[in-house]
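One-letter residues, chain by chain:
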Amino acid sequence: MAQLWGGRFTKETDKLVYNFNASISFDQKFYKQDIRGSKAHVRMLAKQGILTEEERDQILGGLDSILADVESGRLEITSEYEDIHSFVEANLIDRIGDPGKKLHTGRSRNDQVALDMKLYVRDEIEEIDAELKKLLEALQTIMENNVHTYMPGFTHLQKAQPVTLAHHVGAYFEMFRRDRSRMADIRKRMNTCPLGAGALAGTTYPLDRFYTAELLGFDGFLENSMDATAALDFAYEPACAMAIFANNMGRMTESLLLWNINEVGISRLAAPYCSYSTIMPQKRNPVALETLRYSGEWTYGALMSMLAAMKAYPQGNGREPGFVVSLYYEIVQRMIDSAYLLEGIVRTLEVDKARALQVTADGFSTVTDLADAMVQHHDLSFSAAKKITGRVVTMAQQEKVSIHAIDSAFVARAAQEALGMELHMTEQEIHHALDPVENVTRRQVIGGPSPARVQEMIDKDHGAVERFEADWRSKRAYLDEKREALLHTMACKAAIKGGWKSDERELRVLVDKVQSGEVRFCPHGRPVTVQLTKYELEKMFKRA
């Protein structure tokens, strides 16, 4: 049983207790983050003179070899180890001996665990952002292709007023765009480094927390050491945002299911997202949507468990964080899979434009405009016009008269029965009011469903997605640039120590060229001994 705290006790931990407390089954997923954090910590220790450069390079080389062997399958993470931190450290010591025992200098498992979890959460936020981007792009394509696809809008699952499919889908686009924005806000808020906090009270070593944070791409560090090791809102805040995302997906799923039923038939799912009955050949079951529908319920339950686990969590590290982040892992994986599934459904959705128009025209979804025509052309109050229009609908339903058969005589009779008044509308006024295409086209208010307004929204949405993506790219590029700059600085210092024979100006020119990408190698024949890992040497100085 490999344990970082093994020196504390004289007796072996009970096997049942060990298995109950062990987290290796879950936190082995953090092996990349654990090694990444350890490498930054070791570089900082060497920079501060706590480790020698030789020890630094031995440890970095060992960590790189562990990472390579795990990813190639040559090294397996097993339950022999209590957690991923024990696994990495034990294997490091096996490979490089005593220098590996210095990896944990100036660090507790508490701030190490907090770091691994933060790095993992940040990585997964970026992954779900990529899936959200694909979903938004698929929705944009549906919108662009259906600006003139007329369909009924629903309230209370009853036909309400005509809109376009592009307008309806655009509502979901806005919801998912807010989901993406929420995740970006959370990433910015949680992007602070806990390393250097120790167990809870910091450390006596002269650590450079700024340097470690910068190496790992953080915007800063959590200043209060107790907060740094015990804060878990960085996990359940994105989980809350993902629950909202699940809710939004559920709402779109319901719309797709409604459009898919035979009685509506506006759209249907592509074959790969359906199943078929073993005895009823006419069945084409939208099972992918049903799977999406219950993803939300599962997510809400997991989120409640996270919040309940943390409600009485005191300051100072305990066992709850591992449980909370394991639930976060389940939530984020389900949401990534759900976003992937919904994107595929949207991208391959089969839309029946003729059927959508027929469903719109066959109902009474345009009669509001009939009332508006009475107000605009016959000087009625809307209250009076609504009563007459209501009587038109009642009479048509009772007498089984199609909306297409309503004429001036029918409207005049309804006005007489409803209010005892004379009303003479022209056939043209009635036709224009009840025609679904004209009905939608008239709705020119900003944000309305008219094709012109919807096209404006599509154009604007394209710009918004591109700006958002550019902002993400700039942030990632900035973090990459900072990491590269730090590595180049280390290379320069090491080169000078190694006996660079030219003057400082020539060295600066070389560094500038390396940073700009013009030169990615050290000129052959220079007597330079650069004390960096093989990976870093290849990255900065090897011929392209």
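Residues numbered from 1 in each chain as written. Predicted model: local features only at pLDDT ≥ 70, side-chain atom pairs only at ≥ 80, totals over all residues. Heavy atoms only, no water.

S.K.: I tried to follow the overall build of the chain on my own but got confused; where do I start?
M.R.: Tallying secondary structure elements over the chain gives 21 helices and six strands in all. For the chain, with 544 residues in total, the buried portion stands at 48%. Nonlocal contacts in the chain, meaning residues at least 24 apart in sequence, comprise 73% of its contacts between residues at least 6 apart. Here the chain displays about 26500 Å² of accessible surface, and carbon together with sulfur accounts for 53% of that area. (Helix = DSSP H or I, 4+ residues; strand = E, 2+ residues; numbered from the N terminus. Buried < 20%, exposed > 50% of the residue type's maximum accessible area, 1.4 Å probe, protein only. Contact = heavy atoms within 4.5 Å. Areas by Shrake-Rupley, 256 points an atom, 1.4 Å probe, with all protein chains shown as cover.)

S.K.: Could you clarify how one ought to interpret the nonpolar core in this entry?
M.R.: Note on soluble globular proteins: their nonpolar side chains tend to be buried together. With 106 residues, the main nonpolar core has Phe 87, Phe 176, Phe 245, Tyr 328 and Leu 342 as its most contacted residues. Apart from residues no more than four positions distant in its own chain, Phe 176 is found in contact with Leu 132, Leu 135, Leu 136, Leu 139, Phe 245, Asn 248, Met 249, Met 252 and Leu 342. (Core = buried A, V, L, I, M, F, W, Y, C linked by side-chain atoms within 4.5 Å.)

S.K.: It is not clear to me how the pattern of salt bridges should be interpreted in this structure. Could you clarify?
M.R.: Oppositely charged side chains can pair when the atoms bearing their charge come close. Applying the stated criterion across every chain yields a total of 29 salt bridges. Asp 57 serves as the salt-bridge partner of Arg 56, at 3.0 Å between the closest nitrogen and oxygen. Arg 56 gets classed as buried once you look at its relative accessible area, which sits at 8%. Within this structure, Asp 369, Glu 438, Arg 442 and Arg 443 form a network of salt bridges that share partners. (Salt bridge = Lys/Arg side-chain N within 4 Å of Asp/Glu carboxyl O.)

S.K.: Explain the environment of Met 306 to me, please; I cannot follow it from the model alone.
M.R.: Tracing the backbone through its elements, the reader meets Met 306 in helix α11 (residues 287-310). Exposure remark for Met 306: the relative accessible area of 0% places this residue in the buried category. Along the chain, Met 306 and Ala 239 lie 67 residues apart, while their C-alpha atoms are 8.9 Å from each other. Not counting residues up to four positions away in its chain, the partners in contact with Met 306 are Ala 235, Tyr 236, Ala 239, Val 324, Leu 327, Tyr 328 and Ile 331.

S.K.: Explain α11 here, please?
M.R.: Each α-helix winds once per 3.6 residues, and so residues spaced three or four apart point in a common direction. Between its first and last C-alpha, α11 extends 36 Å over 24 residues, near the 34 Å set by a 1.5 Å rise per residue. Here α11 has its buried residues at Ala 288, Leu 289, Leu 292, Ser 295, Gly 296, Thr 299, Ala 302, Leu 303, Met 306 and Met 310. Contact partners of the buried residues in α11: α9 (225-230), α10 (233-260) and α12 (320-347). (Expected span 1.5 Å × (residues − 1).)

S.K.: Teacher, can you tell me more about the packing of helix α3 (residues 31-47) against helix α5 (residues 84-96) here?
M.R.: For any two helices packed against each other, one specifies the inter-axial angle together with the distance between the axes. α5 packs onto α3 with a crossing angle of 55° between their chain directions and a minimal axis gap of 10 Å. Taken as axis vectors, α3 and α5 run oblique relative to one another. Crossing angle aside, the handedness with which α3 passes α5 is right-handed. Note on element contacts: α5 touches α3 through Ile 84, His 85 and Val 88, opposite Tyr 31, Asp 34 and Ile 35. Tallied by class, the residues present in the contact of α3 with α5 amount to four nonpolar, one polar and one charged. (Axes fitted to C-alpha atoms, helices over the stretch in contact; angles between N-to-C directions. Parallel < 35°, antiparallel > 145°, perpendicular 65-115°, else oblique. Left-handed = near helix turned anticlockwise from the far one by under 90°. Nonpolar A, V, L, I, M, F, W, Y, C, P; charged D, E, K, R; others polar.)

S.K.: Explanation requested: the pairing of strand β1 (residues 150-155) in the structure shown.
M.R.: Note on strand geometry: in a regular strand, side chains alternate between the two faces of the sheet. In terms of strand pairing, β1 meets strand β2 (residues 158-164) through five bridges, oriented antiparallel. Within the sheet, the bridge partner assigned to Met 151 lies in β2 and is Val 163. Connecting β1 to the antiparallel partner β2 that follows it, the hairpin turn spans two residues, and His 156 within it adopts a positive phi of roughly 55°. (Pairing = 2+ DSSP bridges.)

S.K.: Help me understand the packing of aromatic side chains, please; the structure alone is not making it clear to me.
M.R.: Applying the stated rule across the entire model yields five aromatic pairs. Taken together, a centroid distance of 5.9 Å and an interplanar angle of 40° make the contact between Tyr 120 and Tyr 329 tilted. With Tyr 120 in helix α6 (residues 109-145) and Tyr 329 in helix α12, this pair connects stretches of sequence that are 209 residues apart. A single burial state applies to Tyr 120 and to Tyr 329, both of which are buried. The interplanar angle of 75° and the centroid separation of 4.9 Å between the aromatic rings of Phe 210 and Phe 221 together place this pair among those described as edge-to-face. One end of the pair, Phe 210, is in helix α8 (residues 209-215); the other, Phe 221, is in strand β4 (residues 220-221), with 11 residues separating them in the sequence. Members of the aromatic cluster, joined through ring pairs, are Phe 30, Tyr 120 and Tyr 329. The positively charged end of Lys 29 is found above the aromatic ring belonging to Tyr 329, 4.6 Å away from the centroid. (Phe/Tyr/Trp six-rings, centres within 6.5 Å; stacked < 30°, edge-to-face > 60°. Lys NZ or Arg CZ within 6 Å of the ring centre and 35° of its normal.)

S.K.: Where do I start with the confidence of the model for the chain in this structure?
M.R.: If pLDDT is low for a region, its predicted coordinates should not be looked at in detail. On average, the chain scores 83 in pLDDT, and the residues at 70 or more come to 82%. Mean pLDDT per element in the chain: helix α21 (residues 534-541) is the minimum at 42, and helix α15 (residues 382-398) is the maximum at 95. Across residues 1-11 the pLDDT falls below 50, and counting only partners more than four positions away or on other chains, this stretch makes 23 contacts in the model. The model gives residues 517-544 a pLDDT under 50, and that stretch makes 57 contacts with residues more than four places away or in other chains. (pLDDT = per-residue confidence, 0-100.)

S.K.: I would appreciate a short explanation of the packing of helix α7 (residues 165-190) against α10 in the present structure.
M.R.: The geometry of α7 relative to α10 is characterised by a closest axis approach of 9 Å and an angle of 170° between their N-to-C directions. Of the possible angle classes, the one that applies to α7 and α10 is roughly antiparallel. Among the residues making up the contact of α7 with α10, the classes are represented as 17 nonpolar, three polar and five charged.

S.K.: How should I be thinking about unusual backbone geometry in this particular structure?
M.R.: Across the chain, the bulk of peptide bonds are trans and the bulk of non-glycine residues have phi less than zero. Located in the positive-phi region is His 156, a residue other than glycine, with phi close to 55°. Note on placement: His 156 falls in the loop between β1 and β2. Residue His 156 is classed as exposed on the basis of its relative accessible area of 77%. Residues other than glycine seldom take positive phi values, yet Leu 157 does so here, at roughly 60°. Tracing the backbone shows Leu 157 in the loop between β1 and β2.

S.K.: What am I meant to see in empty space enclosed by the protein here?
M.R.: Any space left empty among the atoms is revealed by the rolling of a water-sized probe across them. Applying the stated criterion across every chain yields a total of two cavities of 30 Å³ or more. Taken together, His 41, Met 44, Gly 106, Leu 195, Gly 196, Leu 207, Asp 208, Arg 209 and Thr 212 form the lining of the second largest cavity. Put simply, the parts of the chain that give the lining of the second largest cavity at least two residues each are α3 and α8. (1 Å grid on protein atoms, 1.4 Å probe; cavity = no way out; pocket = protein on both sides within 12 Å on 5 of 7 lines; lining within 4 Å. Points joined across faces, edges and corners; volume = space filled by probe spheres on them.)

S.K.: Can you walk me through α10 in this structure?
M.R.: For α10, spanning 28 residues, the distance from its first C-alpha to its last is 40 Å, which sits close to the expected 40 Å at 1.5 Å a residue. For α10, a buried count of 20 out of 28 residues is recorded, marking the element as mostly surrounded by other parts of the structure.

S.K.: Any chance you could explain the side chain of Thr 212 here in plain terms?
M.R.: Examined against the element boundaries, Thr 212 turns out to sit in helix α8. For Thr 212, a relative accessible area of 3% puts it in the buried group. Those residues in contact with Thr 212 that sit more than four places away from it in its chain are Ala 40, Met 44 and Leu 195.

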